[in-house]
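# Observations on the three-dimensional arrangement
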Amino acid sequence: MVDNEEIQQDSKDTKTVIWNLPNILTFSRMLFIPIFVALFYINFPGHFLVCWGLFAVACITDLFDGAIARKRNLVTNLGKFLDPIADKVLVLTAFILFLTIPDIFCANLGNWAILLAVCGVVIIVAREMIVSGFRMVAASSGEVIAADKIGKYKTFAQDLSVGILLFAEGWRQFDDGMFAVVVNIIGVSLFILSVILTVISGINYIAKNIHVLKK
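This report concerns the structure included in the present document. (Residues numbered from 1 in each chain as written. Predicted model: local features only at pLDDT ≥ 70, side-chain atom pairs only at ≥ 80, totals over all residues. Heavy atoms only, no water.)

In this approach a probe as big as a water molecule rolls over the atoms, and the regions it shows empty are the leftover space. Within the structure shown, the criterion is met by 1 cavity of 30 Å³ or more. Considered as a void within the structure, the largest cavity measures approximately 60 Å³ in volume. In this structure, the largest cavity is lined by R29, F55, A58, C59, D62, D87, L90, V91 and D159. Going through the elements one at a time, α3 (47-71) and α4 (77-99) are the ones with two or more residues in the lining of the largest cavity. Residue contributions to the lining of the largest cavity peak at 4 residues, all from α3. Each residue belonging to the lining of the largest cavity can be placed in one class, and the counts come to 5 nonpolar, no polar and 4 charged. (1 Å grid on protein atoms, 1.4 Å probe; cavity = no way out; pocket = protein on both sides within 12 Å on 5 of 7 lines; lining within 4 Å. Points joined across faces, edges and corners; volume = space filled by probe spheres on them. Helix = DSSP H or I, 4+ residues; strand = E, 2+ residues; numbered from the N terminus. Nonpolar A, V, L, I, M, F, W, Y, C, P; charged D, E, K, R; others polar.)

As structure tokens, then:
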């Protein structure tokens, strides 16, 4: 028979694994998502800047949770599972929300820009779904598909684009001058770059891991 003390100890160990600091930081990023959506639409002075601050905090926690997990030997399967989900859902949520306020993407480029923005967001969502599908199939065969450098550059460009576009829109609420225009154009340019990197990294993932579908 299994000793009750052993069962209680296993339960404590499981809770310790789940509620370690890196995982708590990851959970906090997931909780940021509904708050981010609410603040995006609650119209008060500076609400876009508040969203920008919240997104910046989420990005900072993303930098620290992985570093802490590796340094303190707290890497867990739960963390590996939740961390990329939290990152992708937050960024994809931001881009989709941007489409509901066309000025964010086309304030200085004309209405045609929103059509390109929609195509770009669709490409980003499709790429994440395809890569996630590849990873699920590979995992079922006991294989792990790691992120490559292009994918990391893509993620950095997406994060930077979201942050700059939010900051530009927040600044424009108070001063719709040249500074807001320039910052917005920089954010849109980074969005275009992130779409290009998304396509390249997606093709790279498929090319490198096409054997997964042949098994």
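Before going further, it helps to examine the side chain of K154. Counting through the fold element by element, K154 comes out in helix α7 (residues 149-172). Residue K154 is classed as buried on the basis of its relative accessible area of 3%. Not counting chain neighbours up to four residues away, the residues in contact with K154 comprise R127, E128, S194, L197, T198 and S201. (Buried < 20%, exposed > 50% of the residue type's maximum accessible area, 1.4 Å probe, protein only. Contact = heavy atoms within 4.5 Å.)

What follows concerns the nonpolar core. Judged by nonpolar contacts, the single largest core of 31 residues is most densely connected at F36, F95, F98 and L166. Contributions of two or more residues to this core are made by α2 (21-41), α3, α4, α5 (103-106), α6 (112-140), α7 and α8 (178-209). Ranked by residue count, the leading element in this core is α4, at 7 residues. Residues within four places of F98 in sequence aside, it is in contact with F40, I104, F105, V162, L165 and L166. (Core = buried A, V, L, I, M, F, W, Y, C linked by side-chain atoms within 4.5 Å.)

This brings us to the layout of surface pockets. If you add up the space inside the second largest pocket, you get close to 200 Å³. What lines the second largest pocket is a set of 13 residues, and nearest its centre among them are A113, L116, A117, F191 and I192. Elements with a contribution of two residues or more to the lining of the second largest pocket: α6 and α8. Within the lining of the second largest pocket, the residues separate by chemical class into 12 nonpolar, 1 polar and no charged.

Before going further, it helps to examine the packing of aromatic side chains. Summed over all chains, the structure comprises 13 aromatic pairs. Ring centres of F40 and Y41 lie 5.2 Å apart, and the angle between their planes is 85 degrees; this geometry places the pair in the edge-to-face category. With a centroid separation of 5.9 Å and an interplanar angle of 35 degrees, the aromatic rings of F167 and W171 are classed as tilted. Separated by 4 residues within a single helix, F167 and W171 lie in helix α7, roughly one turn from each other. The partly exposed category is assigned to F167, whose relative accessible area is 21%. Using a relative accessible area of 33% as the deciding quantity, one classes W171 as partly exposed. Taken together, the aromatic side chains of F36, F40, Y41, F48, F55, F95, F98, F105 and F191 make up a single cluster linked through ring pairs. (Phe/Tyr/Trp six-rings, centres within 6.5 Å; stacked < 30°, edge-to-face > 60°.)

No statement about biological role is implied by the geometric values presented.
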